[in-house]
Structure formats: C-alpha cells, structure tokens
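One-letter residues, chain by chain:
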Amino acid sequence: MQQYTLGRALQPGDTLGIVAPSAPLDEKRFQAGMAYLHSLGFRTKCGQSVQERWGYLAGSDDVRARDINGFFADSSIDGILCMRGGYGAARLLPLLDYDAIARHPKLFIGFSDITALHTALLQRSGLATIHGAMLTGLGGKATRYTYEQFAAGLANPAMTGPVRLPRGHHLETLVEGDAEGNLAGGNMMLISSLIGTPYELDGQGQILFLEEIGEEAYAIDRMLCQFEQSGLIDRIAGLALGEFTRCHPVKPAAGEWTVREVIEQYVRRWGKPAIWGLPYGHGRHNGWLPLGRPAHLIAGKEKARLVLG
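Residues numbered from 1 in each chain as written. Predicted model: local features only at pLDDT ≥ 70, side-chain atom pairs only at ≥ 80, totals over all residues. Heavy atoms only, no water.

J.: How would you sum up the pattern of salt bridges? Please name residues and give values.
T.: Under the counting rule described, the total for this entry stands at eleven salt bridges. Of the charged contacts, one joins Asp61 and Arg91 as a salt bridge, the two residues approaching to 3.0 Å between their closest N and O atoms. Placement of Asp61 in helix H2 (residues 61-73) and of Arg91 in the loop between strand S4 (79-82) and helix H3 (98-103) is noted, with a sequence separation of 30 residues between them. Residue classification places Asp61 among the buried residues on the basis of a relative accessible area of 16%. (Salt bridge = Lys/Arg side-chain N within 4 Å of Asp/Glu carboxyl O. Helix = DSSP H or I, 4+ residues; strand = E, 2+ residues; numbered from the N terminus. Buried < 20%, exposed > 50% of the residue type's maximum accessible area, 1.4 Å probe, protein only.)

Here you go:
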C-alpha cells in the first residue's frame, strides 16, 4: 500500500492559512468561522483570494493558485483551511507547484469542489489531505459533532480507529466483504469531471469515498456509469458512501428509482465491498476524513464499519 504524507498535528498558537480556491467571500459566515478558529486558540492568516472576487470566483486563477503555493512554502503557516467550495478549484490544477508542495507537507482541509485539489495533491505531491468542514461551514449552522470532529482532527489528524458516528447514526452494508486500502475520492461530480484529464483519480487498490449534493437520480446514474466505463471501478478495492444531500427523488413517483436504488444497482453489479451512511459531505453532519490514509472497510451482514489506520 502506497504511503502518503499527512501534515503534522496542530496546537493552539499555530497558524492556519485561509485560502479561497473556489467561490468568493460570504462575509457573515467568514467572520463567524474566524471567530471559531480563534476560540480554539489558533492564529489565522488570509490569502489574497479571500478578499477578491472575479465573476463567480474568488479572484483570478493566478491569485488563487499563488495563495496555495505560497502558503505551502510559507514556514509561518502550519496548516491550510479552504474558505468554501462552489466552483473553480479544478482550474488551478495546472498552476500548482506539486514538487514544492511535496517538500512542505501540511494539513490541507476542505471538501466539495476542493475534491479536485485533494485528488491532485494526493497523486502529484504524495500528500494525504483532509476531507472536512471549511471556514464558512464552521461559521454557519454546523452541528456539535462537526465542531468536535474538526477540533479533534486538528490535534490528531490521522483519527485512527473506527469512524466515530453522530448519536443515532449507523452504517449499512450494501455489498458484503472486507477491503483494505488508502482512502480517496470526495464529491462525485468533481471526480467525474477529472476523468480523461491528467488529474483523474487513479484509484488503484483504494477505498473510494463518494458524496454528492443536489443531483437527480439520473445524474447520479450517469456519473456511476462513467466511473464504471472509465475503468475506475475495476481498480478500486471497495466503496464508502457518504451523504447524498438533496439528491432526488427520495420518495419517487410510480416507476421511478430513488438515488439509493440507483446506487445499489451499480454497487451490487460491481461486487466490491460497499457501505452506506458515512457522516461526511453536504449533510447536517460533516466529520473529519483523512484521504490518502489507510483504512479497513468491513461490510458485514450484521454490521458495517470503517476503521481508519
């Protein structure tokens, strides 16, 4: 199993660099998110992109990429937190200095559109990154579980052991079996959009984590079909499915399929061990998930688990 480098644990007094690789500032949530980080005892330093707007992006591609490259190289920055998702991260992939980033590994945290950066940094820089809450989410209506996971993850980035679930939450087995491999993946749309590019997810021997928001069942079907036909599914060891927030229909009209039914059709055909219900993504809860780190997926008949290594 290939080894990837995870940034060091952080402690109060360390500095988190805030970057905006995608959409521009949401001032109210930004200020609330900053107040939360400061309440944990962390210092913060914002990149130029945080205060810029260029159409639907947080500044030009050069500005946003320069922030990421610069913060990895800056010895005064101890970890990097993305401000928010939206769109735009994939535009930065040709502009990043992957060799320099590899020489200065740090925690890099985000999700959703940030999936493009997670994938590229994993494969080009050998960097394990964190699929987790972002600044504006921490400044919104995050749950106690989300806040606890974020704070615990900063102090213990690998979060080894069985994935901790919110109260009343449980995992389900879709396809029985065991799988071991490094975690990879994130948002389905972003993984799909990278296929056929130099940055597409390799997935070899990995446990593929997937989540999505606001997509119809047929669109989920289309992405799963693309994963299958591109060869990605042949290469992975197993599937760990997270939140599918506002993905419709949940209660279909006669003859229609739900999103879960579509997913079950594919994963059963693939025959790879698969579990459902991880508290990661765009749902009410959003835990801390280290991508690029070893994991053991246990899809038992009676119980499903994901154990981080």
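J.: How would you sum up the packing of aromatic side chains? Please name residues and give values.
T.: Following the criterion strictly, the structure yields eight aromatic pairs and no others. Residues Phe209 and Tyr280 carry aromatic rings whose centres are separated by 5.9 Å and whose planes lie at 85° to one another, so their mutual orientation is edge-to-face. Placement of the pair is Phe209 in strand S10 (residues 207-213) and Tyr280 in the loop between strand S12 (274-276) and strand S13 (289-291), with a sequence separation of 71 residues. Using a relative accessible area of 1% as the deciding quantity, one classes Tyr280 as buried. Put simply, the rings of Tyr36, Tyr147, Phe150 and Trp288 pair up and form one aromatic cluster. The ring of Trp276 has Arg260 sitting right over it, with the charged end atom 5.0 Å from the ring centre. (Phe/Tyr/Trp six-rings, centres within 6.5 Å; stacked < 30°, edge-to-face > 60°. Lys NZ or Arg CZ within 6 Å of the ring centre and 35° of its normal.)

J.: So what's going on with the nonpolar core? Which residues, and what values?
T.: Counting residues in each nonpolar core, the largest one holds 76 residues, and the members touching the most others are Phe150, Leu224, Phe227 and Ile263. Looking at this core element by element, the count peaks at six residues for helix H10 (residues 259-270). Setting aside anything within four residues of it in sequence, one finds Phe227 in contact with Met188, Ile191, Ser192, Ile195, Leu210, Leu232 and Ile233. If you look at the next biggest cluster of nonpolar residues, it comprises 26 residues, including Ile80, Ala116, Leu117 and Tyr199. (Core = buried A, V, L, I, M, F, W, Y, C linked by side-chain atoms within 4.5 Å. Contact = heavy atoms within 4.5 Å.)

J.: Can you explain the side chain of Asp78? Please cite residues and give values.
T.: Locating Asp78 in the fold gives a position in the loop between H2 and S4. Taking relative accessible area as the criterion, Asp78 reaches 16% and is therefore assigned buried. Here the side chain of Asp78 touches Arg8 through a polar contact of 2.9 Å, side chain to side chain. Among the polar contacts listed, one links the side chain of Asp78 to the backbone nitrogen of Thr15, at a separation of 2.7 Å. Aside from chain neighbours lying at most four places away, what touches Asp78 is Arg8, Leu10, Asp14, Thr15, Lys106 and Leu107. (Polar contact = N/O pair within 3.5 Å; in protein donor to acceptor, adjacent residues only side chain to side chain.)

J.: With reference to specific residues and values, describe helix H8 (residues 217-230).
T.: Compared with the 20 Å implied by 1.5 Å per residue over 14 residues, the 20 Å span of H8 between its first and last C-alpha is a close match. Those residues of H8 that sit buried are Ala217, Ala219, Ile220, Met223, Leu224 and Phe227. Here the buried residues of H8 occupy an arc of 170° about the axis, which is enough to place them on one side. What points out from H8, more than 90 degrees from its buried face, is the exposed set Tyr218 and Gln229. Packing partners of the buried residues in H8 comprise helix H7 (188-194), S10, helix H9 (232-235), strand S11 (238-245) and H10. Just beyond H8, the residue with positive phi is Gly231, at close to 95°. (Expected span 1.5 Å × (residues − 1). Arc of directions from axis to C-beta.)

J.: I'd like to hear about the pairing of strand S15 (residues 304-308), residue by residue, with values.
T.: The side-chain alternation of S15 yields one buried face, formed by Ala304, Leu306 and Leu308, and one unburied face, formed by Arg305 and Val307. Note: strand S7 (residues 161-162) against S15, two bridges, orientation antiparallel. When the bridges of S15 are listed, Gly161 appears paired with Leu308. Taking the residues between adjacent antiparallel strands as the criterion, strand S14 (residues 294-299) and S15 are bridged by four residues. (Pairing = 2+ DSSP bridges.)

J.: Can you explain the sheet that holds S12? Please cite residues and give values.
T.: Reading across the sheet, the eight strands line up as S7-S15-S14-S9-S10-S11-S12-S8 and stay open at both edges, with mixed pairing between neighbours. Where the open sheet ends on each side, the last strands, each with one partner, are S7 and strand S8 (172-175). Both strand S9 (residues 177-187) and S10 contribute to a ladder of five bridges, which runs parallel. What sits directly across from Ala184, in S10, is Leu208. Contacts from H10 reach S8, S11 and S12 within the one sheet, and its direction differs from that of S8 by about 55°. (Axes fitted to C-alpha atoms, helices over the stretch in contact; angles between N-to-C directions.)

J.: Which residues make up unusual backbone geometry, and what values go with them?
T.: Leaving glycine out, the prevailing phi sign among residues is negative, and the prevailing peptide bond configuration is trans. In the segment running from His248 into Pro249, the intervening peptide bond is cis, with an omega of 0°. Looking at where Pro249 falls in the secondary structure, it is placed in the loop between S11 and H10. A positive phi is found at Ser112, a non-glycine position, where the angle reads about 65°. Among the structural elements, Ser112 can be located in the loop between strand S5 (107-110) and helix H4 (115-125). Of note in this structure, Met159 is not a glycine but carries a positive phi near 45°. Take Met159: it is sitting in the loop between helix H6 (144-155) and S7. You can call Met159 buried: its relative accessible area is 15%.

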